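# A structural walkthrough
The residues making up each chain are set out below.
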Amino acid sequence: MTGNPTSRDEAHFRHLYSADPDPWRFRTSAYEQAKYQRTVASLGNRRFRSGFEVGCSIGVLTRLLADHCDRLLAVDIVEAPLASARMACADQHWVRFAQMQVPLDWPDGAFDLIVLSEVLYFLSPADIAKVADRIRATLDAAGVVLMVNWRGRSGDPCTGDEAAQILIDETSPWLSALLQHREEAYRLDLLCRQSQRKEIGS
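First things first, this report covers the structure right here in the doc. Keep in mind the model is a prediction, meaning the values are calculated, not measured.

Of all the residues in helix α4 (residues 80-88), the buried ones are P81, L82 and A85. Angular distribution of buried residues about the axis of α4 spans 100 degrees; they occupy a single face of the element. Along its buried surface, α4 packs onto α1 (10-19), β2 (72-76) and β3 (95-99).

Here is the structure:
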């Protein structure tokens, strides 16, 4: 593994957002916009009963995901971006926001869509394994897990490829890939329960 062996904490992100309310240029980057379109397209025409988005930041992707969900809970580790996210989705009354530190915090209930977009590599391998346990407990029988990970290198606990592979390995007894897409800059993995994959393939 590369970088810091411990997960990025709340103070790390609080510092980022205090310096810039949109530190990754989610609103203005052509790269981000194209990636969001690919992310949402990977879900096809399916409508989800209950979605959960980890690391929603200022809510740009949240707004797009909301059009596919009857209910959507979006969370972030710090409060600062959530104010912008609430404003971005103010007309989408079925979207809720909360401050949570995943995997320590995790909502109750069952979800048929769990989205981990550009968040896993901020976590240590041990915490990614805990995320896998949380998913197993809350992903319903027909649910899917959508991961998007940047493939560059930084001082974060994992690279995007490492983080994705850890989650895939940790969930391999019960999840398998429904769709995998690779770009030079990022990767997208859509996972489903193996029983569901058999039904889709039959």
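Within the fold, E53 resides in strand β1 (residues 51-54). This buried residue, E53, is left without a salt bridge; K35 holds the nearest opposite charge, at 10 Å.

Note on sheets: strands pair through backbone hydrogen bonds, and any given pair is parallel or antiparallel. Reading across from one edge, β3-β2-β1-β4-β5-β7-β6 is the order of the seven strands in this open sheet, with mixed pairing throughout. Here the strands that pair on one side only, and so sit at the sheet edges, are β3 and β6 (175-182). Looking at each pair of strands side by side, their axes are set apart by 15 degrees on average, direction ignored. Relative to strand β7 (residues 186-193), β6 is paired through seven bridges, and the arrangement is antiparallel. Within the sheet, the bridge partner assigned to S176 lies in β7 and is C192.

Glancing now at the pairing of strand β4 (residues 111-117). Judged by how many residues are buried, β4 sits mostly within the fold: seven of seven residues are covered. Pairing geometry for β1 and β4, over four bridges, is parallel. Residue pairing for β4: G51 is matched across the bridge by L113. Judged from the six bridges that link them, β4 and strand β5 (residues 139-150) form a sheet pairing that is parallel. Counted as the bridge partner of F111 is L139 from β5. The β-α-β motif built from β4, the intervening helix α5 (residues 125-138) and the parallel element β5 has right-handed crossover chirality.

Moving on, we get to the layout of surface pockets. When its volume is computed, the largest pocket comes out at roughly 720 Å³. In terms of lining, the largest pocket is formed by 41 residues, of which the most central are F13, G55, E118, V119 and F122. When contributions to the lining of the largest pocket are tallied by element, the ones reaching two or more residues are α1, α2 (30-41), β1, α3 (60-66), β2 and β4. Residues belonging to the lining of the largest pocket are distributed by class as follows: 25 nonpolar, seven polar and nine charged.

Before going further, it helps to spend a moment on the pattern of salt bridges. Counted by the stated rule, this structure contains 14 salt bridges. Notably, a salt bridge pairs D70 with R47, separated by 2.8 Å at the nearest N-O pair. Linking D70 in the loop between α3 and β2 with R47 in the loop between α2 and β1, this pair joins segments that are 23 residues apart in sequence. Since its relative accessible area comes to 40%, D70 is described here as partly exposed. Between D189 and R187 there is a salt bridge, and its shortest N-O distance comes to 2.9 Å. With respect to burial, D189 and R187 carry one shared label: buried. Three or more residues are tied together by salt bridges with common partners; here these are R151, D161, R182, R187 and D189.

Glancing now at the pairing of β3. Where β2 and β3 come together, five bridges link them in parallel fashion. When the sheet's bridge partners are listed, L73 is paired in β3 with R96. Crossover connection from β2 via α4 to parallel β3: handedness right-handed.

Cut-offs applied
Residues numbered from 1 in each chain as written. Predicted model: local features only at pLDDT ≥ 70, side-chain atom pairs only at ≥ 80, totals over all residues. Heavy atoms only, no water. Buried < 20%, exposed > 50% of the residue type's maximum accessible area, 1.4 Å probe, protein only. Helix = DSSP H or I, 4+ residues; strand = E, 2+ residues; numbered from the N terminus. Arc of directions from axis to C-beta. Contact = heavy atoms within 4.5 Å. Lys, Arg positive; Asp, Glu negative; His and termini not counted. Salt bridge = Lys/Arg side-chain N within 4 Å of Asp/Glu carboxyl O. Pairing = 2+ DSSP bridges. Axes fitted to C-alpha atoms, helices over the stretch in contact; angles between N-to-C directions. Right-handed = clockwise from strand over helix to strand, strands pointing away. 1 Å grid on protein atoms, 1.4 Å probe; cavity = no way out; pocket = protein on both sides within 12 Å on 5 of 7 lines; lining within 4 Å. Points joined across faces, edges and corners; volume = space filled by probe spheres on them. Nonpolar A, V, L, I, M, F, W, Y, C, P; charged D, E, K, R; others polar.

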